[in-house]
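# Commentary on secondary and tertiary structure
Residues per chain, in single letters:
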Amino acid sequence: MVIAKWVFWIVFWAVFGAFLHYSLPQYDVVRIVSTFEKRQDIDDWTRIFWSNPNDLANTLRNRDVQFIQGVHPNGRAIVYRNEDTGWSWPPYFKFDTANLYTEASDSISTRTDPQWVAIMHYGWRNEFFSIFPNAVSIKAVDGPDDKPFNWFTYGFLIMLAGLVAYLWRCWIRFKQRRIDPVLENMEDSITSAGDAFSSRRHRLQRWLDTWKSKK
């Protein structure tokens, strides 16, 4: 029972942590090397990783998606998709895909004359399943080390930790005031019932012993 409890909480927090890691904004400082548009199949289980800003997207098997190619300061390549989120989840309310695509195209630079930008995005990059993070905004920065501080994500995590700690404290106080006394009364009742049963059994045994023949 204890193992099952620990497994449940480990799985719960792992899934919750993955959900937050996917949904919360992150910053990458990259050099944009290209932008392009490609017909992308979205008819398998990876559909959940593509934006769904309107009802029409639910019936499409593929659609044209804009992509932004970038390179990290260490040379590692990264590819972002550029899709509107609309009013769907995560709630970034992004409606400026065309403008962002223009900004990305205007920020293309070469290795010899790099122009570094900070791309705010959410989501994951997985080459095997062709999953791409969704770019939300692009901002020019002074250099490869000029990474913006992620105020929203850290502030949200601090507030979430405070809320979890507060709810945990409320649960402990509620348990101590309401649940523990009931459990203690039940335990006392069971113990009393057990003692009473044992006493009756002993009296019955003594009575039965009186009927035994004595040598």
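Scope of this entry: the structure provided in the associated data block. The shown structure was predicted, so the numbers you read here are calculated from the model rather than taken from an experiment.

So, on to the pattern of salt bridges. In the structure shown here, the tally under the stated rule is two salt bridges. Asp 64 is the salt-bridge partner of Arg 39, the closest N and O atoms lying 3.1 Å from each other. One end of the pair, Arg 39, is in strand S1 (residues 26–41); the other, Asp 64, is in strand S2 (residues 62–71), with 25 residues separating them in the sequence. Judged by relative accessible area, which is 49%, Arg 39 ranks as partly exposed.

Once that is clear, we can look at the packing of aromatic side chains. The tally for this structure, following the rule as stated, stands at 19 aromatic pairs. Relative to Tyr 154, the ring of Phe 149 has its centre 5.2 Å away and its plane inclined at 20°; by these criteria the two rings are stacked. What makes Tyr 154 partly exposed here is its relative accessible area of 46%. Aromatic ring contacts, followed pair by pair, group Phe 8, Trp 9, Phe 12, Trp 13 and Phe 16 into a single cluster.

What follows deals with the nonpolar core. Counting eleven residues, the largest nonpolar core consists of Val 30, Ile 32, Ile 68, Ile 78, Tyr 80, Leu 100, Ala 104, Val 117, Ile 119, Ala 135 and Ile 138. Those elements that place two or more of their residues in this core are S1, strand S3 (77–82), helix H2 (97–106), strand S4 (116–122) and strand S5 (134–140). If near-sequence neighbours (up to four positions away) are discounted, Tyr 80 is found in contact with Asp 28, Val 30, Gln 66, Phe 67, Ile 68, Ile 119, His 121, Phe 132, Pro 133 and Ala 135. If you look at the next biggest cluster of nonpolar residues, it comprises seven residues, including Phe 49, Tyr 92, Tyr 122 and Val 136.

Let us look at a nonpolar patch on the surface. Residues Phe 8, Trp 9, Phe 12, Trp 13 and Val 164 make up a contiguous nonpolar surface patch of roughly 490 Å² in combined accessible area. The element best represented in the nonpolar patch is helix H1 (residues 2–23), accounting for four residues. Secondary-structure assignment places Trp 13 in helix H1.

Next up on the list: the environment of Gly 86. When you line up the elements, Gly 86 lands in the loop between S3 and H2. When its relative accessible area of 3% is taken as the criterion, Gly 86 is described as buried. The sequence separation of Gly 86 and Asn 52 amounts to 34 residues, and the corresponding C-alpha distance is 7.9 Å.

Where like charges cluster on the molecular surface, the positive patch consists of Arg 169, Arg 173, Arg 177 and Arg 178. Inspection of the secondary structure assignment puts Arg 169 in helix H3 (residues 151–209). Since its relative accessible area comes to 55%, Arg 169 is described here as exposed.

Further remarks concern the pairing of S1. Relative to S4, S1 runs antiparallel, the two sharing six bridges. Within the sheet, the bridge partner assigned to Gln 26 lies in S4 and is His 121. Pairing of S1 with S2 involves ten bridges; the strand directions are antiparallel. Across the sheet, the residue bridging to Gln 40 is Arg 63, located in S2.

Relative to the helices and strands, Ser 109 is located in the loop between H2 and S4. If we skip the residues at most four places from it in the chain, Ser 109 touches Arg 31, Ile 32, Val 33, Pro 114 and Gln 115.

Reading the values: the criteria
- Residues numbered from 1 in each chain as written.
- Predicted model: local features only at pLDDT ≥ 70, side-chain atom pairs only at ≥ 80, totals over all residues.
- Heavy atoms only, no water.
- Salt bridge = Lys/Arg side-chain N within 4 Å of Asp/Glu carboxyl O.
- Helix = DSSP H or I, 4+ residues; strand = E, 2+ residues; numbered from the N terminus.
- Buried < 20%, exposed > 50% of the residue type's maximum accessible area, 1.4 Å probe, protein only.
- Phe/Tyr/Trp six-rings, centres within 6.5 Å; stacked < 30°, edge-to-face > 60°.
- Core = buried A, V, L, I, M, F, W, Y, C linked by side-chain atoms within 4.5 Å.
- Contact = heavy atoms within 4.5 Å.
- Patch = residues over 30% accessible without salt bridge, like charges linked within 9 Å, V, L, I, M, F, W, Y side chains within 5 Å.
- Areas by Shrake-Rupley, 256 points an atom, 1.4 Å probe, with all protein chains shown as cover.
- Lys, Arg positive; Asp, Glu negative; His and termini not counted.
- Charge placed at Lys NZ, Arg CZ, Asp CG, Glu CD.
- Pairing = 2+ DSSP bridges.

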